[in-house]
Amino acid sequence: MWEAIRRWFDPRELRSVGTTPDYRFSLANERTFLAWLRTGLALIAGGLAAAQFLPPLPLAHLREAIAIALLLLGGTVAVRAVDHWARTERAIRLGEELPASRFPAILAVAVAVGALLLVVAVLARAIR
């Protein structure tokens, strides 16, 4: 694990393996990384907004739980983004198959479950 984290911060290590790929592949990998990073930032912003602007919800501390869940999910997405970028760049340089990931499916399910919980909270508040 520490070896992988060290690679994130050492571009010489990344460039020392394999051969230099067509720059378009590296740039596409970087754009994907930036898209994931924007997703993480949006989740973090949503968490801060939930903490600051949601009114008290019917269940005690639900607002805080939503905020913390969004903040943690945003941080996880950011860390996962840099890990996937480094692993993909390494695979491109080595001519290997790109790394597979279940993370997009997990993130989609987490967002969908969170949305459903928010619908329940809004409906519970409306019924009161």
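First, a word on what this report is: a plain description of the structure on this page. Residue positions are counted from 1 within each chain, in the order its sequence is given. Reporting of local features is limited, given that this is a predicted model, to residues whose pLDDT is at least 70; pairs of side-chain atoms are given and counted only at 80 or more, and all residues count toward the totals for whole chains, interfaces and linings. For side-chain calculations, the full set of non-hydrogen atoms in the structure is used, while hydrogens and water are omitted.

## Regarding the packing of aromatic side chains
Okay, so step 1: Centres within 6.5 Å are what make two rings of Phe, Tyr or Trp a pair, Trp counting through its six-membered ring; a difference in plane orientation under 30 degrees is then read as stacked, over 60 as edge-to-face, and the rest as tilted. Overall, the coordinates contain 2 aromatic pairs when judged by the stated rule.
Okay, so step 2: Ring geometry for Phe33 versus Trp85: centroids 6.3 Å apart, planes at 50°, classification tilted. Of this pair, Phe33 sits in helix H3 (residues 23-53) while Trp85 is found in helix H4 (residues 62-94), placing the two residues 52 residues apart along the sequence.
Okay, so step 3: For the exposure calls, accessible area comes from a 1.4 Å probe over protein chains only, and a residue counts as buried if that area is under 20% of its type's maximum, exposed if over 50%, partly exposed in between. For Phe33, a relative accessible area of 19% corresponds to the buried category.
Okay, so step 4: With a centroid separation of 5.8 Å and 55° between ring planes, the pair formed by Trp36 and Phe103 is classed as tilted. Taken as a pair, Trp36 in helix H3 and Phe103 in helix H5 (residues 103-127) lie far apart in primary sequence, 67 residues in all.
Okay, so step 5: The exposure class of Trp36 is partly exposed, given its relative accessible area of 21%. In this text, helices come from DSSP runs of H or I with a minimum length of four residues, and strands from runs of E with a minimum of two, each type numbered from the N-terminal end.

## Overview of the pattern of salt bridges
Okay, so step 1: Salt bridges are defined as contacts in which a side-chain nitrogen from Lys or Arg sits within 4 Å of a carboxyl oxygen from Asp or Glu. For the structure shown, the criterion picks out 4 salt bridges.
Okay, so step 2: Of the charged contacts, one joins Arg87 and Asp83 as a salt bridge, the two residues approaching to 3.2 Å between their closest N and O atoms. Taken as a pair, Arg87 and Asp83 lie in helix H4 at a separation of 4 residues, close to a single helical turn.

## Details of the packing of H4 against H5
Okay, so step 1: Inter-axis angles, ranging from 0 to 180 degrees, are taken between N-to-C directions of lines fitted to C-alpha atoms, where helices are fitted over the stretch in contact. For the pair H4 and H5, the least separation of the axes is 12 Å and the interaxial angle reads 165°. One finds that H4 runs roughly antiparallel with respect to H5. In terms of crossing hand, the pair formed by H4 and H5 is left-handed. On H5, the residues that touch Leu62, Ile66, Leu73, Thr76, Val77 and Arg80 of H4 are Phe103, Leu107, Ala110, Val111, Leu118 and Ala121. Roughly parallel means an angle under 35 degrees; roughly antiparallel means over 145; roughly perpendicular covers 65 to 115; every other angle is labelled oblique. Left-handed describes a crossing whose near helix is turned anticlockwise from the far helix through less than a right angle; right-handed describes the clockwise counterpart. What makes two residues a contact is simply this: any of their non-hydrogen atoms within 4.5 Å.

## Some words on the packing of H3 against H5
Okay, so step 1: Where H3 meets H5, the axes come as close as 14 Å, and the angle between the chain directions of the two elements is 25°. In terms of their interaxial angle, H3 and H5 are classed as roughly parallel. The way H3 lies across H5 gives a crossing that is left-handed. For the pair H3 and H5, contact is made by Trp36, Thr39 and Leu43 and by Phe103, Pro104 and Leu107, respectively.
Okay, so step 2: Only Asp, Glu, Lys and Arg are considered charged, only Ala, Val, Leu, Ile, Met, Phe, Trp, Tyr, Cys and Pro nonpolar, and every remaining residue, Gly among them, polar. The residue inventory of the contact of H3 with H5, partitioned by class, reads 5 nonpolar, 1 polar and no charged.

## Some words on H5
Okay, so step 1: Under the convention used throughout, the expected extent of a helix is 1.5 Å for every residue step, that is, one less than its residue count. Over its 25 residues, H5 runs 36 Å from end to end, which matches the ideal 36 Å to within 8%, given 1.5 Å per residue.
Okay, so step 2: If you check which residues of H5 are buried, you get Phe103, Leu107 and Ala121.
Okay, so step 3: Of the surrounding secondary structure, the elements contacted by the buried residues of H5 are H3 and H4.

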